[in-house]
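# Observations on chain architecture
Now for the letters of each chain:
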Amino acid sequence: MKEIITGAEALMRSLMNEGVDTIFGYPGGSIMPVFDAMYDHREDFRQVLVRHEQGATHAAEGYARSSGRVGVCIVTSGPGATNTLTGIGDAILDSTPIVVIAGQVASNVLGTDAFQEIDLVGVTQPISKWSYQIRRAEDIAWAVSRAFYIARSGRPGPVVLDFTKNAQVAQVAYEPATVDKIRSYVPYPKPDADAVKAAAELINRAQRPFALVGQGVELGEAHEELKAFLEKGNIPAARTLLGLSALPSDYPLTMGMLGMHGNLSCNINTNQADVIIAIGMRFSDRVTGEPSTYAKQAKVIHLDIDRAEIDKCVKADIPVIGDCKETLPLITALMEKGNHKEWIDSFADYDKLEYERVIDKALNTKEGPIKMGEVARCVSEATGNSALLVTDVGQNQMFACRYFKNTRPHSVLTSGGLGTMGYGLPAALGATMAVPERTVCVFMGDGGFQMNMQELGTIMEQRSPVKMILMNNNYLGNVRQWQEMFFNNRYSWTPMMNPDYNMIASAYGIPSRLVVKREELKDAVREMIETPGAFLLHVAVEEEENVMPMVPPGASICDMVLE
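Here we summarise the structure given alongside this text. (Residues numbered from 1 in each chain as written. Predicted model: local features only at pLDDT ≥ 70, side-chain atom pairs only at ≥ 80, totals over all residues. Heavy atoms only, no water.)

## A short note on the packing of aromatic side chains
Going through the model one piece at a time under the given rule, you end up with 14 aromatic pairs. On the numbers, 6.4 Å between centres and 70° between planes, the contact of Phe24 with Tyr63 is edge-to-face. With Phe24 in strand β2 (residues 22–25) and Tyr63 in helix α3 (residues 53–67), this residue pair connects regions lying 39 residues apart in the sequence. Residue class for Phe24 comes out buried when judged on its relative accessible area of 0%. By relative accessible area, which is 4% here, Tyr63 ends up buried. With centroids separated by 5.4 Å and ring planes inclined at 65°, the aromatic side chains of Phe210 and Phe347 adopt a geometry described as edge-to-face. With a gap of 137 residues between them, Phe210 in strand β9 (residues 209–213) and Phe347 in helix α16 (residues 347–364) connect regions that are remote in the sequence. Look at Phe210 and you get buried, because its relative accessible area is 0%. Residue classification places Phe347 among the buried positions, given a relative accessible area of 1%. (Phe/Tyr/Trp six-rings, centres within 6.5 Å; stacked < 30°, edge-to-face > 60°. Helix = DSSP H or I, 4+ residues; strand = E, 2+ residues; numbered from the N terminus. Buried < 20%, exposed > 50% of the residue type's maximum accessible area, 1.4 Å probe, protein only.)

Laid out in structure tokens, this is it:
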């Protein structure tokens, strides 16, 4: 005989059935029966009370991207639900599997503008893989299983469950459900043998092949398959921002980072390659620059699990649809052993120029204010280049991603598609809970830090060992850079009057240290790494430093400004 339980308890059982061990959330009126049921499951889930619902979504993202599992957050209706929208939008653009469960008013008052009612399904359908309203307790087990299947399968993404209050309190004869197939939903397309063969033949004929590696390699756990492909073909590779840890920073065939603030050699040789192999990347405008000038000389092979990405931004001569963990070995098996030494050597002159004009100044300046690049490199080296890097958005993001080195997969968490300021702190919190064995370092600017600074309270309560590096230049630095370069130095609304961040950290019981002088930096970084638990390293950096090199808006990807 089936056990009769409430819908709220059925949700708990369903989450346990999916292997959930951590829930980020914030209670409220329309979700209170669920939180009451959670009280009886304190031993089954790590229940994390965030300080804002946006923080819950970003923490779930950090948990998901660092572990490969689905992140979960539970919030109330109305403003609780709408506060999650930024995180849901961030997750859809960066292919992050999270399930957001929001309370909703009872079914009998839907559409009456009841207190804290919002049409969450209507609002979130454009920014989620699936958005569904649970109106009956009988649908809970099925809906939860389907939500997790959709969130984690194929190209991952966010799923939203809108949970009416009557379904939470109703009695139901509970039975676990398992959804592993949905009609018309094909998360793992079968590779086309002709496309695979054509791709291998084109690569075999190439004189200057170039692999552009994206986050799809990380999502598909295809790290070793990628290396086997590159090594057999002797093919140089560049990584997108989200694909940075798809290959170790010191991997011999890694040429650097693509994009607006990427490496000079990678961007220029994109427009010199005769064959481009795009692997799990979507040709973002930040990678292509002006589309009309992008790689017109090259034949393009595009490997992607999502058919919608093919020809969306760049026309593919040979599309290979499927999971790259499956398609890469199929292509590799048909490839001849390659030798492209002269082509690979051509990157060196551009690297030398970038080092002399940009990198040396960013890392080795001995006088004047501390620079952001040297902070990132100092922290990276102090952790043996093995820490998990989380960034906020802005100049801190670009400097950290350029100069922080990685040696392991799933080592770079950053907001790419949406560019969400405030992402960094809660995402780092989530990462510490997913992979507690790793050192998690989050780089933030003074603007982004203040957007979700309330999550210091969550870090305090959870004793989360987040190593926080605040690079404070008293500006909204990225916007200020654009104002300097393209708006005649008119710094409109970008100077920041800042609080005493060290006093704020102290109020939360978090140790901190302010660094103003360069000669103090290494010792302060050592203190941060060696201090158990959370730590705020507050570094006063050069106020008007610019991230270079840079592709100006509207310019070709190879027309980079170096200084």
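## Thoughts on the sheet that holds strand β5 (residues 98–104)
Taken in spatial order, the six strands line up as β3-β2-β4-β5-β7-β6 in an open sheet, and their pairing is parallel. At either margin of the open sheet sits one strand with a lone partner, and together these are β3 (46–49) and β6 (130–134). For this sheet, the mean inter-axis angle between neighbouring strands, taken without regard to orientation, is 20°. In this structure, β6 lies alongside strand β7 (residues 159–164), joined through five bridges in parallel fashion. Bridging from a neighbouring strand, Trp130 pairs with Val159 of β7. Its contacts with the sheet put helix α2 (residues 32–39) on β2, β3, β4 (71–75) and β7, and the angle it makes with β4 is roughly 125°. Of the strands in this sheet, β2, β4 and β5 touch α3, which is tilted by about 165° from β4. (Pairing = 2+ DSSP bridges. Axes fitted to C-alpha atoms, helices over the stretch in contact; angles between N-to-C directions. Contact = heavy atoms within 4.5 Å.)

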